[in-house]
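Below, each chain spelled out in residue letters.
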Amino acid sequence: DVKVTQSSRYLVKRTGEKVFLECVQDMDHENMFWYRQDPGLGLRLIYFSYDVKMKEKGDIPEGYSVSREKKERFSLILESASTNQTSMYLCASTTGFRETQYFGPGTRLLVL
Amino acid sequence: GNSVTQMEGPVTLSEEAFLTINCTYTATGYPSLFWYVQYPGEGLQLLLKATKADDKGSNKGFEATYRKETTSFHLEKGSVQVSDSAVYFCALTKGTSGTYKYIFGTGTRLKVLA
């Protein structure tokens with residue numbers, strides 16, 4: 001079974017802190033994604049990566065950056081956390097075009 | 001642009017009732033269509049999918065048929081159980097390799113009462 005793990009289930013951070021969210025998948029998937037999930041808005045794509053060291057902006061990249069140094073790991077970075085970044089963050093991976101996405105359990109981030 | 005519209009929730013049903021959650025999409029060409037389910041405290045997991053017109057996806061008693069003529073992919077189940085209580089997301093993907101994205105609906109919360 002594909003397994004996607006995220007470094008934390010819950011995080012509490014202060015405004016202005018630098019925040020790292022990590023995602024690891026164990027099935028050699030080339031494509032990885034970061035979403036945020038907010039009530040009434042569904043899932044919104046922040047960034048995605050289709051290869052090591054490759055990244056593409058999604059629909060809401062402002063205030064975020066990403067890093068993909070190894071195929072199995074995709075990190076989301078909040079350079080200076082703000083309260084409007086309080087949300088659930090979901091990582092996903094997939095083998096390729098049109099294929100099923102596999103999701104991690106999510107990280108619920110609270111920025112105070 | 002591409003989009004997915006699904007019915008607003010919450011949907012509250014009694015056990016063994018019939019379920020329909022509507023989903024319509026806007027996209028050119030032939031996207032792949034998915035239903036994902038999110039149980040409380042968990043990430044999303046695939047429920048079923050269809051990749052071409054008239055395909056029927058099915059899993060765990062749930063079904064959905066890819067209707068190109070009505071641009072719809074409605075989710076149905078004949079007899080729901082309390083354990084089906086979750087949030088259901090309709091999604092599509094299209095594009096070319098390396099540049100594709102997945103578009104999700106806003107989710108429909110289902111609550112099944114014993």
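Look a little higher up for the structure.
In this convention, every chain numbers its residues from 1, walking through the sequence in written order. Chain letters start at A and ligand numbers start at 1, both assigned in the order the entries are written. Under the rules for a predicted model, residues below a pLDDT of 70 receive no local features and side-chain atom pairs below 80 are neither given nor counted, while totals for whole chains, interfaces and linings still include all residues. Where side-chain values are given, they derive from all heavy atoms of the structure, hydrogens and water being excluded.

### Notes on the environment of A:Leu78
Note the threshold: Only runs of H or I of at least four residues qualify as helices and only runs of E of at least two qualify as strands under DSSP, and these elements are numbered from the N terminus. Between two residues, a contact is recorded if the distance between any of their heavy atoms is within 4.5 Å.
Locating A:Leu78 in the fold gives a position in strand S8 (residues 73–78). Beyond its immediate chain neighbours, meaning those up to four positions away, A:Leu78 contacts A:Glu17, A:Lys18, A:Val19, A:Gly63, A:Tyr64, A:Gln85, A:Tyr89 and A:Leu109.

### Structural notes on the pattern of salt bridges
Residues and elements named next belong to chain A. The cut-off we apply is this: When a carboxyl oxygen of Asp or Glu lies within 4 Å of a side-chain nitrogen of Lys or Arg, that pair is called a salt bridge. When a residue's accessible area, from a 1.4 Å probe over protein chains only, is under 20% of the maximum for its type it is buried; when over 50% it is exposed; and in between it is partly exposed.
Summed over the entire model, instances satisfying the criterion amount to eleven salt bridges over all chains. Between Glu22 and Arg73 there is a salt bridge whose closest N-O contact spans 3.0 Å. Taken together, the residues span a long stretch of sequence, with Glu22 in strand S3 (residues 19–25) and Arg73 in strand S8 at a distance of 51 residues. Measuring nitrogen to oxygen at the nearest pair gives 2.5 Å for the salt bridge that ties Lys53 to Glu69. Note that Lys53 is positioned in the loop between strand S5 (42–49) and strand S6 (56–57) and Glu69 in strand S7 (residues 64–70), a separation of 16 residues in sequence. Both residues of the pair, Lys53 and Glu69, count as exposed. Each of Arg36, Asp38 and Arg44 takes part in salt bridges that share partners, so that together they form one network.

### Observations regarding the nonpolar core
The condition is simple: To define a nonpolar core, start from buried Ala, Val, Leu, Ile, Met, Phe, Trp, Tyr and Cys residues and group those joined through side-chain atoms within 4.5 Å.
In terms of nonpolar packing, the biggest core is built from 28 residues, with B:Leu19, B:Trp35, B:Leu47, B:Leu48, B:Phe73, B:Leu75 and B:Tyr88 touching the most fellow members. Mapped onto this core, the elements with two or more residues apiece are strand S2 (11–14), strand S3 (19–21), strand S4 (23–26), strand S5 (32–38), strand S6 (44–50), strand S8 (62–65), strand S10 (86–94) and strand S12 (108–113) of chain B. Among the elements that line this core, the one with the most residues is S10(B), at four residues. Dropping the residues within four chain positions of it, B:Leu47 is found in contact with B:Trp35, B:Tyr36, B:Val37, B:Asn59, B:Phe62, B:Leu75 and B:Tyr88. One finds A:Val4, A:Cys23, A:Met32 and A:Trp34 within the second-largest nonpolar core, a separate group that totals 20 residues.

### Section: the sheet that holds strand S7 (residues 56–59) of chain B
All names here are of chain B. To be explicit about the condition: Between any two strands, pairing holds if DSSP finds at least two bridges. To obtain an axis, a line is fitted to C-alpha atoms, over the contacting stretch when the element is a helix, and the angle between two such axes runs from 0 to 180 degrees between their N-to-C directions.
A sheet is described by the order of its strands in space; here four strands give the open sequence S3-S9-S8-S7, paired in antiparallel fashion. The sheet is open, and its two edges are formed by S3 and S7, each paired on a single side. The average undirected angle you get between the axes of adjacent strands in this sheet is 15°. Looking at chain direction, S3 and strand S9 (residues 75–77) are connected through three bridges and run antiparallel. Looking at S9, one finds that Leu19 is bridged to Lys77.

### What about the sheet that holds strand S1 (residues 4–6) of chain A?
Residues and elements named next belong to chain A. Ordered by their spatial adjacency, four strands build an open sheet running S1-S3-S8-S7, and the pairing between neighbours is antiparallel. In the strand order of this sheet, the two ends are held by S1 and S7, each with one partner. If you compare each strand with its neighbour and ignore which way they point, the axes differ by 20° on average. Here S7 pairs with S8 via five bridges, running antiparallel. Opposite Lys70, over in S8, you have Arg73 as the bridge partner.

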